[in-house]
Amino acid sequence: MAYRPKTVTPQISGTTVSISAEEVGRNGIENFSASSPAGNMPFMAYQLDGKYYVRAAVCVPCGGRSFTLKNGTLICDSCGTVFNASTGIGIRGVSACMSYAKKAAAYTIDGGNIVMSMDDLTTAYRNTLNRK
């Protein structure tokens, strides 16, 4: 089954960003953005094999900012490049885009929410902008 991303607005309190874990599980994959001095950073959150993942949602060469979750893979909605959903590493597609793994952000589960720090999100975003 393929899950197209649903865009949600995260709760931001100081340097903490959170989204509902239950909604991520229900929707399959969600997109959200966080603003920092680095700019507006796009992210995706999804559940795979009972585990949650939060990754930067940017395909650097093509500019894609949305991914479909299908059969354990993330498919760029812009160029069609396929990434392993567990590791974020490119599998097949546009070779330039495959060189930019989707880096994970650290998170905790608290009160039914996926909770991330702005620092961890910024690190994941910046690391995704760099080649493997």
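To be clear, the structure that these remarks concern was listed above.
Residues numbered from 1 in each chain as written. Predicted model: local features only at pLDDT ≥ 70, side-chain atom pairs only at ≥ 80, totals over all residues. Heavy atoms only, no water.

Before going further, it helps to spend a moment on the sheet that holds strand β13 (residues 113–117). Reading across the sheet, the 4 strands line up as β3-β4-β13-β12 and stay open at both edges, with antiparallel pairing between neighbours. Lying at the two open borders of the sheet, with one neighbouring strand each, are β3 (11–13) and β12 (108–110). Averaged over all adjacent pairs, the angle separating strand axes in this sheet is 30 degrees, with direction ignored. Both β12 and β13 contribute to a ladder of 3 bridges, which runs antiparallel. What sits directly across from Asp110, in β13, is Asn113. Helix α3 (residues 118–129) contacts β4 (16–20) and β13 of the sheet and is inclined by roughly 75 degrees relative to β13. (Pairing = 2+ DSSP bridges. Helix = DSSP H or I, 4+ residues; strand = E, 2+ residues; numbered from the N terminus. Axes fitted to C-alpha atoms, helices over the stretch in contact; angles between N-to-C directions. Contact = heavy atoms within 4.5 Å.)

Taken in spatial order, the 5 strands line up as β1-β8-β9-β10-β11 in an open sheet, and their pairing is antiparallel. The open sheet is flanked by β1 (2–3) and β11 (90–92), the only strands paired with a single partner. Of the pairings in the sheet, the one linking strand β9 (residues 73–76) to strand β10 (residues 82–84) comprises 3 bridges and is antiparallel in character. The residue of β10 that forms the bridge with Leu74 is Phe83.

Here the focus is the nonpolar core. Residues Ile19, Phe32, Phe43, Val54, Ile114, Met116 and Leu121 are the most contacted members of the largest nonpolar core, which totals 21 residues. Of all elements in the fold, only β4, α1 (21–27), β5 (29–36), β6 (39–48), β7 (51–56), β13 and α3 reach the threshold of two or more residues within this core. At 4 residues, the largest contribution of residues to this core is made by α3. Core analysis: the second largest hydrophobic core is formed by 14 residues, Tyr46, Leu48, Leu69 and Cys76 among them. (Core = buried A, V, L, I, M, F, W, Y, C linked by side-chain atoms within 4.5 Å. Buried < 20%, exposed > 50% of the residue type's maximum accessible area, 1.4 Å probe, protein only.)

Next up on the list: the pairing of β5. Taking burial as the measure, the 8 residues of β5 include 6 buried ones, the bulk of the element. One ladder, built from 2 bridges, connects strand β2 (residues 6–7) with β5; its direction is parallel. Paired with Thr7 across the two strands is Asn31, which belongs to β5.

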